[in-house]
Amino acid sequence: MSRLFRLATEADAQALLAIYAPYTRGTASFEDGPPALEEFAARIRDISAVYPYIVCEVDGEIAGYAYAHLYKERAAYRWNVEVTIYLSPAFHRRGIGRALMERLLEMLRRQGVRMAYSCITLPNPASTGLHAAMGFTEAGVLTDAGWKNGQWRDVVWMQKRLNENADAPREVVPIGNIDVRDLLESD
C-alpha cells in the first residue's frame, strides 16, 4: 500500500465530497445533506488560506482527509482550532486516520496553535478512540445538542494542547508560510 499525503486543493472537491456525503446522511455530520460542489470547493479554498487541509491518497485514490478551522470567531479564541477527519469506509482500520491526524496536529503546532478541539457525535467509538489515542481528553458532553435522523444527539467535545504559550502568544502563522514538506511525503 503506497500512501501519499498532500495539501488539498479545490480540484479535490469532488473526491472529498464523495467521501463526506454519506456522513451527512448519518449522524457524524449535523448537516442535513451534502453541500453543493461549489460550496464544498469554497470551503477547501477558504480553510486552506490559513489552516492545513490534508488528503491521503492510497495507490492514487483519495482515502480520506483531515483539516482544521478556527474554533470560534471572537478574537480571544484565535489560537484555537477545531479539527475534523473523514475516511472512505473502504480505508477504515488501516492507520490512515492516525497518520492524517498526526500530520495535521504537527502542522498546527508549527503554526502556533495552542488548542485543538474536536466535536464528535455520540456514540462513535472509532472517532473517540482515535482522538484519545492521539492524546485528546474529554472536555465535556453536550446532551441533546442536535436533532438528526429522528432523534436528539449528544456530542462530546475533546481537546488537546499543542503549544504552551504561557505568556502572550505570537499570532498563528498561515499554513502557506511554514515548511511542512517533511510531513507531506509518501510512506
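It should be noted that the structure appears before, not after, this text.
Treat the numbers as computed from the prediction; the structure is a model and nothing was measured.

**Some points on the pattern of salt bridges**
Oppositely charged side chains can pair when the atoms bearing their charge come close. Scanning all chains against the criterion turns up 12 salt bridges. Note that Arg110 and Glu106 form a salt bridge whose closest N and O atoms lie 2.9 Å from each other. In this pair, Arg110 and Glu106 are both assigned in helix α3 (residues 96-111), four residues apart and thus about one turn of the helix distant. Accessibility expressed as a relative area gives 24% for Arg110, which makes it partly exposed.

**Details of the environment of Pro52**
Turning to its location among the elements, Pro52 is positioned in the loop between α2 (37-48) and β2 (53-58). On the basis of relative accessible area, Pro52 is assigned to the buried category, the value being 0%. Separated by 52 residues in sequence, Pro52 and Leu104 place their C-alpha atoms 6.6 Å apart. Once residues lying within four places of it in the same chain are set aside, the contact partners of Pro52 are Ile47, Ala66, Tyr67, Ala68, Leu104, Met107, Leu108, Gln111 and Ile175.

**Focus: the nonpolar core**
Soluble globular proteins: nonpolar side chains tend toward being buried together. Core analysis: the biggest nonpolar cluster contains 54 residues, and Tyr65, Val83 and Leu108 have the highest contact counts within it. Secondary-structure elements contributing two or more residues to this core are α1 (13-25), α2, β2, β3 (61-70), β4 (80-87), α3, β5 (115-121) and β7 (151-161). By residue number, the principal contributor to this core is α3, which donates eight residues.

Cut-offs and rules
- Residues numbered from 1 in each chain as written.
- Predicted model: local features only at pLDDT ≥ 70, side-chain atom pairs only at ≥ 80, totals over all residues.
- Heavy atoms only, no water.
- Salt bridge = Lys/Arg side-chain N within 4 Å of Asp/Glu carboxyl O.
- Helix = DSSP H or I, 4+ residues; strand = E, 2+ residues; numbered from the N terminus.
- Buried < 20%, exposed > 50% of the residue type's maximum accessible area, 1.4 Å probe, protein only.
- Contact = heavy atoms within 4.5 Å.
- Core = buried A, V, L, I, M, F, W, Y, C linked by side-chain atoms within 4.5 Å.

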